[in-house]
Amino acid sequence: MIGPTFCIKLAAFTQMDLQSFTHSSEKNTTIFTSIDHPTLQEVLRDWDLPSTESGIFCHSFALSLFCVCLGILFESHHCKDMANSVSPISNKEVRIHDSLDELATDLADYIAGLSEMSVKERGFFAIALSGGSLISMIGKLCEAPYNKTVDWAKWHIFWADERVVAKNHSDSNYKLAKDGLLSKVPVIPSHVYSINDNVSAEKAAKEYEFILRQLVKMRTVSVSECSDCPKFDLILLGMGHDGHVASLFPLHAALNEKEEWVTFIYDSPKPPPERITFTLPVINSASNVALVVTGSAKAEAVRLAIEESSSNCTLPAQMVWPTNGKLVWFLDRSSASKLDASQSA
Ligand SMILES: O=C(O)[C@H](O)[C@@H](O)[C@H](O)[C@H](O)COP(=O)(O)O
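Here is what the cut-offs are and how they apply
Residues numbered from 1 in each chain as written. Predicted model: local features only at pLDDT ≥ 70, side-chain atom pairs only at ≥ 80, totals over all residues. Heavy atoms only, no water. UniProt positions renumbered as here; feature names shortened; annotations may be inferred. Helix = DSSP H or I, 4+ residues; strand = E, 2+ residues; numbered from the N terminus. Buried < 20%, exposed > 50% of the residue type's maximum accessible area, 1.4 Å probe, protein only. Areas by Shrake-Rupley, 256 points an atom, 1.4 Å probe, with all protein chains shown as cover. Near = heavy atom within 4 Å. Polar contact = N/O pair within 3.5 Å; in protein donor to acceptor, adjacent residues only side chain to side chain. Pairing = 2+ DSSP bridges. Phe/Tyr/Trp six-rings, centres within 6.5 Å; stacked < 30°, edge-to-face > 60°. Lys NZ or Arg CZ within 6 Å of the ring centre and 35° of its normal. Contact = heavy atoms within 4.5 Å. Salt bridge = Lys/Arg side-chain N within 4 Å of Asp/Glu carboxyl O.

Labelled according to an unreviewed UniProt entry, the chain appears under the name 6-phosphogluconolactonase, originating from Cinnamomum micranthum f. kanehirae. Under the UniProt heading Catalytic activity (unreviewed entry), the note attached to the chain is "6-phospho-D-glucono-1,5-lactone + H2O = 6-phospho-D-gluconate + H(+)". For the chain, the Sequence similarities (unreviewed entry) comment in UniProt is given as "Belongs to the glucosamine/galactosamine-6-phosphate isomerase family. 6-phosphogluconolactonase subfamily."

Asker: How would you sum up the overall build of the chain? Please name residues and give values.
Answerer: What the chain contains, in helices and strands, is 11 helices and 11 strands. Put simply, the chain has 345 residues, and 48% of those count as buried. Put simply, the chain shows about 16,600 Å² of open surface, and 57% of that area lies on carbon and sulfur atoms.

Asker: Report on the site of the ligand, specifying residues and quantitative values.
Answerer: Around the ligand sit 15 residues in total, of which Ser133, His244, Ala246, Lys270 and Lys298 are the nearest. Histidine 244 places a polar side-chain atom, nitrogen or oxygen, 2.7 Å from an oxygen atom of the ligand. At 2.7 Å from an oxygen atom of the ligand is found a main-chain nitrogen or oxygen belonging to alanine 246. Alone, the ligand offers 420 Å² of accessible surface; in the complex the protein occludes 89% of this.

Asker: Can you break down the pairing of strand β2 (residues 125-129) residue by residue, with the values?
Answerer: Most of β2 is tucked away, with 5 of its 5 residues classed as buried. Here β2 shows a buried face lined by Phe125, Ile127 and Leu129 and a second buried face lined by Ala126 and Ala128. For β2 and strand β3 (residues 155-159), the ladder comprises 5 bridges, and the chain directions are parallel. The residue bridging alanine 126 from the neighbouring strand is histidine 156, located in β3. Judged from the 2 bridges that link them, β2 and strand β7 (residues 234-237) form a sheet pairing that is parallel. From the neighbouring strand, isoleucine 127 faces β7, where its bridge partner is leucine 234.

Asker: Give a detailed account of the packing of aromatic side chains, specifying residues and quantitative values.
Answerer: Scanning the entire structure with this criterion turns up 8 aromatic pairs. Ring geometry for phenylalanine 158 and phenylalanine 232: centres 5.1 Å apart, planes at 75 degrees, overall edge-to-face. Of the two residues, phenylalanine 158 sits in strand β3 while phenylalanine 232 sits in the loop between β6 (230-231) and β7, which places them 74 residues apart along the sequence. For the pair phenylalanine 158 and phenylalanine 232, a shared accessibility class is recorded, and that class is buried. The cationic tip of arginine 213 hangs over the ring face of tryptophan 261; the distance from NZ or CZ to the ring centre is 3.8 Å.

Asker: Break down the environment of glycine 123 for me, citing the residues and quoting the values.
Answerer: With respect to the helices and strands, the residue glycine 123 is situated in the loop between α4 (100-122) and β2. Take glycine 123: its relative accessible area is 24%, and that puts it in the partly exposed class. Leave out the neighbours within four places in its chain, and glycine 123 touches Ser118 and Lys154.

Asker: Describe the pattern of salt bridges, and please don't skip the residues or the numbers.
Answerer: Scanning the entire structure with this criterion turns up 19 salt bridges. The salt bridge partner of aspartate 98 is arginine 333, with a shortest N-O separation of 2.7 Å. With aspartate 98 in the loop between β1 (92-97) and α4 and arginine 333 in the loop between β11 (326-332) and α11 (341-344), the pair connects residues that are 235 residues apart, well separated along the chain. Across the salt bridge formed by aspartate 228 and arginine 213, the nearest N and O atoms sit 3.5 Å from each other. Residue aspartate 228 is located in the loop between β5 (222-223) and β6, and its partner arginine 213 is located in helix α8 (residues 201-217); the two are separated by 15 residues in the primary sequence. When its relative accessible area of 47% is taken as the criterion, aspartate 228 is described as partly exposed. When salt bridges that share partners are traced, they join Glu93, Arg95, Asp106 and Lys326 into one network.

Here is the structure:
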């Protein structure tokens, strides 16, 4: 019987035997043709397997099982590590544009491309929007060719953050997106997931997470391979000059939220104070995250976020590291002006 100590024993077995492994490899002999390690002998005894000459088969068998275990251990460890990782990602791209018009066209191409790919692969495109100037930047999607070529009926639209105000309030991110994009393209109204604006921020966050959980169950929104988090096809974010993204502000407790998918705040430094926001685990579980930032006022935060990502980072934008996804920065020359030459060339 393979007992629960199986993995531990095999792990112990390899740890010790690296030396003899290398040694026998150098001598070009068959690896592990005789079992001389007590831990492996113990494992084989537990399984009632022979331990000497006829052991070649057993050795290969044990070695193969060990490799499988190691693979599983590595994979789960890797995923866990990456979710809380402090190491810089390599799947990051910085696109710097000479004009806002050029940026807007590139952004529209990028979104249309991801939409096409997701619809082809999954039948849906789950996109999360934020507020601010980002919405005017994606305005080109209402124009030709995108208004005709994008498969709008397959879009499912969410908010990475929302201000807890009435939907017709000028502060509402929903209203901003509706006026700037959603009312101008043929999205299906029931695919637009706005928050409940009749309840407290706390309740609105809970309800929003509940809706998300249903959609993840149905796989309208995909699920991360490393956690149970939703895996959005695309999360679009802006960034404040203080480095905040969505409604995750510097040094705010919401940045540490690891369990909830959607959290709430009552003290946003940027008005209005009551907001709901995706948490970092959700943002970092997305397939694609785009950070769209323009203007010289944000140049220093851009530099810090792109060039100073380290273990002691404090800017929320520095903490945006999609675990298995891709991060693209869309910048204009002004916001990129403090990047080192190799980034901004
Ligand atoms: O609801 C919000 O306030 C936004 O989601 C917020 O995160 C915004 O994206 C940034 O503050 C950048 O805004 P600007 O691009 O307008 O500066």
